[in-house]
Amino acid sequence: MSKLTLFIGILVFGIVQAQNMEKDSTAKKVVFIIVDGISADQLKTADTPYLDQIGDLGGYTEAYVGGGKDTYSETPTISAVGYNSLITGTWANKHNVWGNEIKAPNYNYPTIFRLYKDQYPNGTIGVFSSWLDNRTKLVGDGMEETGGIRVDYHFDGLEHDSINFPHDVQRNFMKLIDYTVADHAAETILEKAPDVSWVYLEFSDDMGHGFGDGDRFNAAIHFEDKLIGKIWMAVEERQASHNEEWLFIVTTDHGRGAKDGKHHGGQSERERSTWIVTNSKQTNPYFNERIPAVVDILPTMTDFLGIKVPIHIRREWDGVSLVQPVEAIDLKAKRKGNNLVVSWQNLSEGEGKLYLSGTNDFKSGGKDDYKFMDTVILGKGEVEIPMRKIPKGLCKLVLETEHTTLNTWFSEE
């Protein structure tokens, strides 16, 4: 081999390696939007060209909030409760937000922002919200209980500015606030590109409470869709002009009351009925063929961002990924005679490992002691465990498969 041939070979190899490194170094970023109080059926009646465009590019699915109805994880279909279920991946029995007062969140269940900052401390996060409490109470910006996490870019609190946004009975001030928040979010995304951003818009829920189902509510949804479009166009421009890949997710926090759409908070099918729209083309069969939950959004974001979440945290999540393989869902435990029947819905062939803990130390900042119980065949859909092996009081069970971690609680108290 001549020196010239060797030199050309080395040069080509170097170019290919550089191209691969450039491809691998694509920055991954997430923006998720919560547009308040739109049930799945209400969304379908409104004119939403931008959400339609995003869903056509990626995917749309109906979803649910409210935890397990009539179970230990039943969760009020209330705004702040739904927000916290999204950002922690857990239901209210864990994150401990039961109403809009946000009295005592359990910060031991980390948000997407803390998980991201733990792995990428130099990364940036943003909160753009028509409600100040989202950043100050739920994210816990600067609080000792959240490890002093700092939100790098934020724009909120306008609901307290009655001079520039004079409050009126028709809630038009909130419409103006949403517009201003979305405008600032789009500008910051375009210019600063935070790695993880949360945008929250409220006006649609105000119109639901004030006017219920009908044209006024539909008009509010159409208005919010235009604001979502403004943010989406900023993301598209970033992707076109920078080496970035963005995951864009839009959802809502609860549905509407069955009677006239003016209320929510209960467990009716319509109050629990929500939806998810995303630009992702990698959605899995669980997203495409089942009804996922708001708690599934957190594992989806951590998977996309490549966050290595410790096992003791993943064992607390009530959701699963919408973009990675999912072998099983809906883990449950119920006593049957002298046995505990642990069941699941199987989505794949293969095996899983079942673990059990008789403690709930995670709740207070500790770690639970899980013991291996059995290797199970997923296709069987259930396994029976003698009750003599089940500890008294609260029992936590975890089923781990190749890509999925499920948990459920059992207690006879």
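Source: prediction; values computed, not measured. (Residues numbered from 1 in each chain as written. Predicted model: local features only at pLDDT ≥ 70, side-chain atom pairs only at ≥ 80, totals over all residues. Heavy atoms only, no water.)

Draft legend 1. Examining the sheet that holds strand β14 (residues 405-410) more closely. With antiparallel pairing, the four strands of this open sheet are ordered in space as β11-β10-β13-β14. Two strands bound the open sheet, and with one partner strand each, they are β11 (371-377) and β14. Shown here is a sheet whose adjacent strand axes are inclined to one another by a mean of 25°, direction ignored. (Pairing = 2+ DSSP bridges. Helix = DSSP H or I, 4+ residues; strand = E, 2+ residues; numbered from the N terminus. Axes fitted to C-alpha atoms, helices over the stretch in contact; angles between N-to-C directions.)

Draft legend 2. Representation of the pairing of β14 within the structure. For β14, a buried count of six out of six residues is recorded, marking the element as mostly surrounded by other parts of the structure. Burial along β14 is two-sided: the residues T405, N407 and W409 and L406, T408 and F410 are all buried. Pairing between strand β13 (residues 395-400) and β14: six bridges, direction antiparallel. Each bridged residue has a counterpart across the sheet, and for C395 the counterpart in β14 is F410. (Buried < 20%, exposed > 50% of the residue type's maximum accessible area, 1.4 Å probe, protein only.)

Draft legend 3. Representation of the pattern of salt bridges within the structure. Applying the stated rule across the entire model yields 21 salt bridges. Between K94 and E316 there is a salt bridge, and its shortest N-O distance comes to 4.0 Å. Of this pair, K94 sits in helix α5 (residues 92-95) while E316 sits in the loop between α14 (311-314) and β8 (328-336), placing them 222 residues apart in sequence. On the basis of relative accessibility, which here comes to 1%, the residue K94 falls in the buried class. Overall, E316 belongs to the buried group, its relative accessible area being 2%. In this structure, R256 engages D205 in a salt bridge whose closest nitrogen and oxygen atoms are separated by 2.6 Å. Placement of R256 in the loop between β6 (244-251) and α11 (269-272) and of D205 in helix α9 (residues 203-211) is noted, with a sequence separation of 51 residues between them. Note on R256: relative accessible area 0%, which makes it buried. (Salt bridge = Lys/Arg side-chain N within 4 Å of Asp/Glu carboxyl O.)

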